[in-house]
Amino acid sequence: EGASSDPSLVELSAADAEAMAIEDGSHVTLRGRKQRRTTAVVVVQKTGLNPGEVRLSATSLKNVGLEAGDDVIVAPEQDLPEAERALLLPFASDLAAYEGTADSAFTDALSPYLKDNDRPLTVGDVIETSVGEGDEKQTIRWKVLELEPEASNPIEAARGTVTSGTTIFTDG
């Protein structure tokens, strides 16, 4: 498990990145148990990781159904499309504990996470965002339910990068 809480990052050793011909900022697909997949942005670590080791956030580990120490398959994602539309819904229990409205949860938590970051998303992913500071800090989890364009392979979940041109829906 990595130190980063950002579910969109995966840390790779410099040797592995070179062997896969990928660099910082490249996209990769992570595959875990039962063919569960998620997409992440590569952060190359020059030190601290041995070849064959990767670090994922706790959220990414859950998204691919793994625990720390389990094997994960990392594959370069050459043509990750830009998402045209995305449907993300907050978990009802997290929203009930949040003092604001669903609209303010989007404005205060999800929008800053997605804005100008070119975040890769996969249908089925759970994203954890935080709002507030100090003792007032709350976590709101969001599930990615739909993403357009749809996957070209009907067996796989749709994947894409959320950009400034992506329309985000949080009602449903």
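Everything discussed here concerns the structure shown above.
Residues numbered from 1 in each chain as written. Predicted model: local features only at pLDDT ≥ 70, side-chain atom pairs only at ≥ 80, totals over all residues. Heavy atoms only, no water.

A separate point is the layout of surface pockets. Leftover empty space is mapped by rolling, across the atoms, a probe with the size of a water molecule. In this structure, the largest pocket encloses a volume near 260 Å³. Gly52, Glu53, Val54, Asp70 and Val72 are the residues nearest the centre of the largest pocket, which is lined by 18 residues in total. With 3 residues, strand S4 (residues 54-56) is the single largest residue contributor to the lining of the largest pocket. Considered class by class, the residues forming the lining of the largest pocket number 9 nonpolar, 2 polar and 7 charged. (1 Å grid on protein atoms, 1.4 Å probe; cavity = no way out; pocket = protein on both sides within 12 Å on 5 of 7 lines; lining within 4 Å. Points joined across faces, edges and corners; volume = space filled by probe spheres on them. Helix = DSSP H or I, 4+ residues; strand = E, 2+ residues; numbered from the N terminus. Nonpolar A, V, L, I, M, F, W, Y, C, P; charged D, E, K, R; others polar.)

By size, the foremost hydrophobic cluster in this structure holds 18 residues, and its most contacted members are Leu88, Leu121, Ile127, Ile140, Trp142 and Leu147. Every element with two or more residues in this core is listed here: strand S6 (85-90), helix H4 (102-114), strand S8 (126-131) and strand S9 (138-148). Broken down by element, the residue count for this core peaks at 5 residues, all from H4. Discounting residues that sit within four places of it in the chain, Leu147 has contacts with Ala83, Arg85, Ala86, Leu121, Val123, Ala158, Arg159 and Gly160. One finds Ile22, Val28, Leu30 and Val42 within the second-largest nonpolar core, a separate group that totals 14 residues. (Core = buried A, V, L, I, M, F, W, Y, C linked by side-chain atoms within 4.5 Å. Buried < 20%, exposed > 50% of the residue type's maximum accessible area, 1.4 Å probe, protein only. Contact = heavy atoms within 4.5 Å.)

Time to look at the environment of Ser13. Along the chain, Ser13 turns up in strand S1 (residues 9-13). Put simply, Ser13 and Thr163 are 150 residues apart on the chain and 27 Å apart in space, counted from C-alpha to C-alpha. If we skip the residues at most four places from it in the chain, Ser13 touches Val44, Gln45, Leu49, Asn50, Pro51, Gly52 and Glu53. One polar contact links Ser13 to Asp16, side chain to side chain, over a distance of 3.2 Å. (Polar contact = N/O pair within 3.5 Å; in protein donor to acceptor, adjacent residues only side chain to side chain.)

A word on the pattern of salt bridges. Close approach of charged atoms allows side chains with opposite charge to pair. Scanning all chains against the criterion turns up 5 salt bridges. With its nearest N and O atoms 2.8 Å apart, the salt bridge here joins Asp70 to Arg33. Of this pair, Asp70 sits in the loop between helix H2 (58-63) and strand S5 (73-76) while Arg33 is found in the loop between strand S2 (27-31) and strand S3 (37-45), placing the two residues 37 residues apart along the sequence. For Asp70, a relative accessible area of 29% corresponds to the partly exposed category. (Salt bridge = Lys/Arg side-chain N within 4 Å of Asp/Glu carboxyl O.)

So, on to the side chain of Thr166. Within the element layout of this structure, Thr166 appears in the loop between strand S10 (159-162) and strand S11 (167-169). Take Thr166: its relative accessible area is 9%, and that puts it in the buried class. Engagement of the side chain of Thr166 in a polar contact is seen with the backbone oxygen of Ala83, the distance being 2.6 Å. Sequence-distant contacts of Thr166, that is, excluding residues within four places in its chain, are made with Ala83, Glu84, Arg85, Ala86 and Thr161.

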